[in-house]
There are 2 protein chains.
Amino acid sequence: MLRIIPQLSELRLELRRICDRIQQNDIVHKEATVQQILQTVQRQGDRALVHYTAEFDQVDLTVETLRVKGDELDAAYQQVSKELLDAIRLAHKQIEHFHRQHLPKSWVQFNPDQVVLGKRYTPVDVAGIYVPGGRAAYPSTVLMNAIPAKVAGVSQIVMVTPPGQNRAINPAVLVAAQEAGIDEIYRVGGAQAIAALAYGTATIPAVDVITGPGNIYVTLAKKQVFGKVGIDSLAGPSEVLIIADEGANPCHIAADMLAQAEHDPLAAAILLTPSLSLAEQVAAVVLDQLAEHPRRLLTEKAIAHYGLIGVVESLEVAAQLSNEFAPEHLELEIETPWDLVDQIRHAGAIFMGYSTPEAVGDYIAGPNHTLPTSGAARYASALGVETFIKHSSLIQYSPTALRKQGNAIMALAEAEGLISHRDSVRLRLEAPPTIDYD
Amino acid sequence: MLRIIPQLSELRLELRRICDRIQQNDIVHKEATVQQILQTVQRQGDRALVHYTAEFDQVDLTVETLRVKGDELDAAYQQVSKELLDAIRLAHKQIEHFHRQHLPKSWVQFNPDQVVLGKRYTPVDVAGIYVPGGRAAYPSTVLMNAIPAKVAGVSQIVMVTPPGQNRAINPAVLVAAQEAGIDEIYRVGGAQAIAALAYGTATIPAVDVITGPGNIYVTLAKKQVFGKVGIDSLAGPSEVLIIADEGANPCHIAADMLAQAEHDPLAAAILLTPSLSLAEQVAAVVLDQLAEHPRRLLTEKAIAHYGLIGVVESLEVAAQLSNEFAPEHLELEIETPWDLVDQIRHAGAIFMGYSTPEAVGDYIAGPNHTLPTSGAARYASALGVETFIKHSSLIQYSPTALRKQGNAIMALAEAEGLISHRDSVRLRLEAPPTIDYD
């Protein structure tokens, strides 16, 4: 079921097919649906949220029960094990530590002629975080979105997540949110939740940036509101590409591939290796591990359609194919990963060596697990504090500097036919300001 | 014609109206047009580019004349004055110098238990730059887009710009491109040019990131291809908000307002001042300066619809209103701009003091002039080297680290119902890799 392809040209075609597995055709008819949901929420506000939640999630809400209340937040701590709470706290600590590294800092630079240039970094005012419900509950998503916003200095963080039966939100999600310092949580999901965050309703405040993964409706809604608000990225289904040598353990590789596939029937799991023997062992072990998998149907589907083992001439060829694919997750399950990493140009996150399964980064190592998918690693990066911070350029010229560079500005303004641009300089040269700043 | 509003509540409403001047309604029917252009170029390639250029630009092209040839590039240098060439070179030097500051650098960090974490920065492979034609020729746009890409280390930069009569491209644009190191230039504009860059044609290569401003069709096309490629931002019409005290020169302020208005009938020019006397003088001088303006009609239109003077109680109130507006350009035409700047939370670029007209930053100071518009400064920043660079997270765990943190990973994986995630750790703990990296 997990195909082994030894032919480079066929392999390349298959990788292209997998990278492009989200077809434009599947999307087009959903765009109109999403547009209508956005417009309805914009017009009707909370009422539309209640309506859509009944329709899509089969949950009865009222405007009063939209927001998760304090007693439910408190109760969540009683519903998670000590072991899980400890795990959430360790993950929190390490994610926060990593995201504090190289936080952008404002700077100014003093140049000749009293020219001052700089960048001033400021956080957004309000951030909105989408946490999916659906197939599983994702406390890790909460941490990976909320912590960068907190570290960036965002003062108001709003979380939305679809409710389950009896309006309940998964307690691990509520605990993770509180550990990250979020207590403004609304039980609404889907495109309607994105609309609420983008436009605001009587209950839910409009935000400046929306982050977090979701299904295709959530993603399309984020794309449509982009411009009105900032967004992190357009998340597609997850994917891993593993480059392994003959020293890799086939059981480990098989588990890593299934760990991707178990997310979503559209998830992709690819192994590239120079070792035919490893390829054959992995294909066999995948079948074994699938046999008793609690999500067997879904996982099998992903492996059958978007699982692949390519047997390649060398690790260098594998690196080249990986660059063409630009995977979200790249595992270098090889003896000397630091030798190969210099050949990697595009990958969301790179997992180095035999002891670093992707799960390490999904949960606990510290780097963000929200990563570019579907080839977007060619141009995009992990979510980070930068997602919640922007800068203003600072420019100060003195009369002296303006006198020295004024002619150049006026020449360019004239070349562009912009006469008032020129005059804004000319008039200052003719009647310089009487105050100087030095 | 340039209204003075002394009433805070009315002023706030007017600022909101101006910020939202691009109405969703104006856009919707253009989206379908753009979608069709994109699909046609994707299907027909170069043929569609020739077709649309004839239809929209009234210029006859052939596939062979799409690319600007070497002799035309050479000849451009003969057609610009020495003064303009010097200005382009000074601007180039200062823009390059500014963009080299704080270029992101790859790093790794060694933690206890042989855990290695880091970020590896790499440029995109191919960048596409859109340079508008239309109302004016913009050599400054070339510099402001190409230099960050060059500084980022992008090895292939492709420029597109709509042709004028006889297929000609403005020589100042061609010179600026060559000074910035670009010689791959195609004469095509509009949504069709964005489609060519996103999907590639037989002649024009597909790129990873598209930057540069354009009209509404270009902007909508960029939004639609976002996800397939990266983009810089969705540029709306330009705007300036000026905060001035009674020490400001009304002639200078008037020229700065007209310098914004002369771009586009949708451009916005706003003055906020505590001085009624300054307000009245500026309103009068604007009329004077308009009288002989070579683009009077267009400029007048912008001033009439989206020009505004607000008389406010204090500079602090002005700063607050500016934060609500989140202007692309903010001028602090006041005696002590460094005192007020700490109150500014959202602005694309801030021009400090009486001797820093926006034109300084538009052309020559060094910071980028491609800035967030229409309130996007709430969450977005200037174009920069970051637009052309992305990073991969690096994660390496050792068997020891995995043993110590494995339980936490497994607890989180189980809470999320992801059994193979758990097993990818469990199997490694049961059969640790025999090779260690320390």
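Remember, it's a predicted structure, so these values are computed and weren't measured experimentally. Numbering of residues starts from 1 in every chain and runs along the sequence as written. Written order decides the labels, with chains lettered from A and ligands numbered from 1. Per-residue local features are limited, in this predicted model, to residues with pLDDT of at least 70; the limit for side-chain atom pairs, both in listing and counting, is 80 or more; totals at the level of whole chains, interfaces and linings are taken over all residues. Hydrogens are left out, water is left out, and the side-chain values use all remaining heavy atoms of the structure.

**A closer look at the sheet that holds strand β6 (residues 184–186) of chain A**
Residues and elements named next belong to chain A.
Okay, step 1: One open sheet holds the 5 strands; their spatial order is β6-β5-β4-β7-β8, and the pairing between them is parallel. Only two strands of the sheet have a single neighbouring strand rather than two, namely β6 and β8 (230–231).
Okay, step 2: Relative to β6, strand β5 (residues 156–160) is paired through 3 bridges, and the arrangement is parallel. Bridge pairing in β6 links Met 159 to Ile 185. If DSSP finds at least two bridges between two strands, the strands pair. Put simply, DSSP H or I for four residues or longer makes a helix, DSSP E for two residues or longer makes a strand, and each gets a number counted from the N terminus.

**Structural notes on the environment of His 92 of chain A**
Residue and element names in this part refer to chain A.
Okay, step 1: Inspection of the secondary structure puts His 92 in helix α5 (residues 82–100).
Okay, step 2: Each residue gets one of three labels from its accessible area relative to the maximum for its type: buried under 20%, exposed over 50%, partly exposed in between, using a 1.4 Å probe on protein chains only. The exposure class assigned to His 92 is buried, which follows from its relative accessible area of 15%.
Okay, step 3: Sequence separation between His 92 and Met 144 is 52 residues; the distance between their C-alpha atoms is 8.6 Å.
Okay, step 4: Every residue pair with non-hydrogen atoms within 4.5 Å of one another is taken to be in contact. Discounting residues that sit within four places of it in the chain, His 92 has contacts with Leu 143, Ile 147, Glu 179 and Ala 180.

**A look at the UniProt feature "binding site: NAD(+)" (unreviewed entry) in chain A**
All names here are of chain A.
Okay, step 1: Sites flagged by UniProt as "binding site: NAD(+)" (unreviewed entry) map to Tyr 130, Gln 192 and Asn 215. Across 86 residues in sequence, these annotated residues keep their C-alpha atoms within 12.4 Å of one another, forming a single compact spot.
Okay, step 2: Residue placement: Gln 192 occurs in helix α8 (residues 190–199).
Okay, step 3: Setting aside residues up to four positions removed in sequence, Gln 192 forms contacts with Ile 37, Val 41, Leu 49, Tyr 52, Thr 53, Phe 56 and Asp 57. UniProt positions are given in the numbering used here, feature names are shortened, and annotations may be inferred rather than shown by experiment.

**Observations concerning the environment of Glu 331 of chain B**
Okay, step 1: Relative to the helices and strands, Glu 331 of chain B is located in strand β12 (residues 329–333).
Okay, step 2: For Glu 331 of chain B, a relative accessible area of 0% gives the class buried.
Okay, step 3: Between the alpha carbons of Glu 331 of chain B and Thr 356 of chain B there is a distance of 7.9 Å; along the sequence they are 25 residues apart.
Okay, step 4: What Glu 331 of chain B contacts, discounting residues up to four positions off in sequence, is Arg 428 of chain A together with Val 240, Leu 241, Ile 242, Ile 243, Asp 256, Phe 351, Thr 356, Pro 357 and Glu 358 of chain B.
Okay, step 5: A distance of 2.9 Å separates a polar atom in the side chain of Glu 331 of chain B from the backbone nitrogen of Glu 358 of chain B. Here a polar contact means two N or O atoms within 3.5 Å. Within protein one must be a hydrogen donor candidate and the other an acceptor candidate, and residues neighboring in sequence count only if both atoms are side-chain atoms.

**Observations concerning the interface of chain A and chain B**
Okay, step 1: Between chain A and chain B, the residue contacts involve 127 residues of the former and 128 residues of the latter.
Okay, step 2: Of the roughly 10900 Å² buried between chain A and chain B on both sides combined, carbon and sulfur atoms contribute 59%.
Okay, step 3: The salt bridge criterion pairs a side-chain nitrogen of Lys or Arg with a carboxyl oxygen of Asp or Glu, the two atoms within 4 Å. Linking chain A with chain B are 12 salt bridges, by the criterion used here.
Okay, step 4: As a salt-bridge pair, Asp 125 of chain B and Arg 345 of chain A come within 3.0 Å of each other at their nearest N and O atoms.
Okay, step 5: At the surface where chain A touches chain B, the tally comes to 75 residue pairs in polar contact (both at pLDDT 80 or more).
Okay, step 6: Pairing geometry for strand β14 (residues 389–396) of chain A and strand β13 (residues 349–352) of chain B, over 3 bridges, is parallel. Bridge pairing in β13 of chain B links Ile 395 of chain A to Phe 351 of chain B. By convention, the term buried area covers the 1.4 Å-probe accessible surface removed from two parts as they join, with the contributions of both added.

**Some words on the UniProt feature "binding site: substrate" (unreviewed entry) in chain A**
Okay, step 1: According to UniProt, the positions carrying the feature "binding site: substrate" (unreviewed entry) are Ser 238, Gln 260, His 263, His 329, Asp 362, Glu 416 and His 421 of chain A. Annotated residues spanning 184 residues; largest pairwise C-alpha distance 55.6 Å, indicating distribution over more than one region.
Okay, step 2: In this structure, Asp 362 of chain A sits in helix α15 (residues 358–363).
Okay, step 3: Its relative accessible area of 8% is what places Asp 362 of chain A among the buried residues.
Okay, step 4: Every residue in contact with Asp 362 of chain A, bar those within four places of it in the chain, is listed here: Ser 140, Met 144, His 329 and His 369 of chain A together with His 421 of chain B.
Okay, step 5: Mapped onto the elements, His 421 of chain A comes out in helix α17 (residues 419–430).
Okay, step 6: Under the relative-accessibility criterion, His 421 of chain A is labelled buried at 2%.

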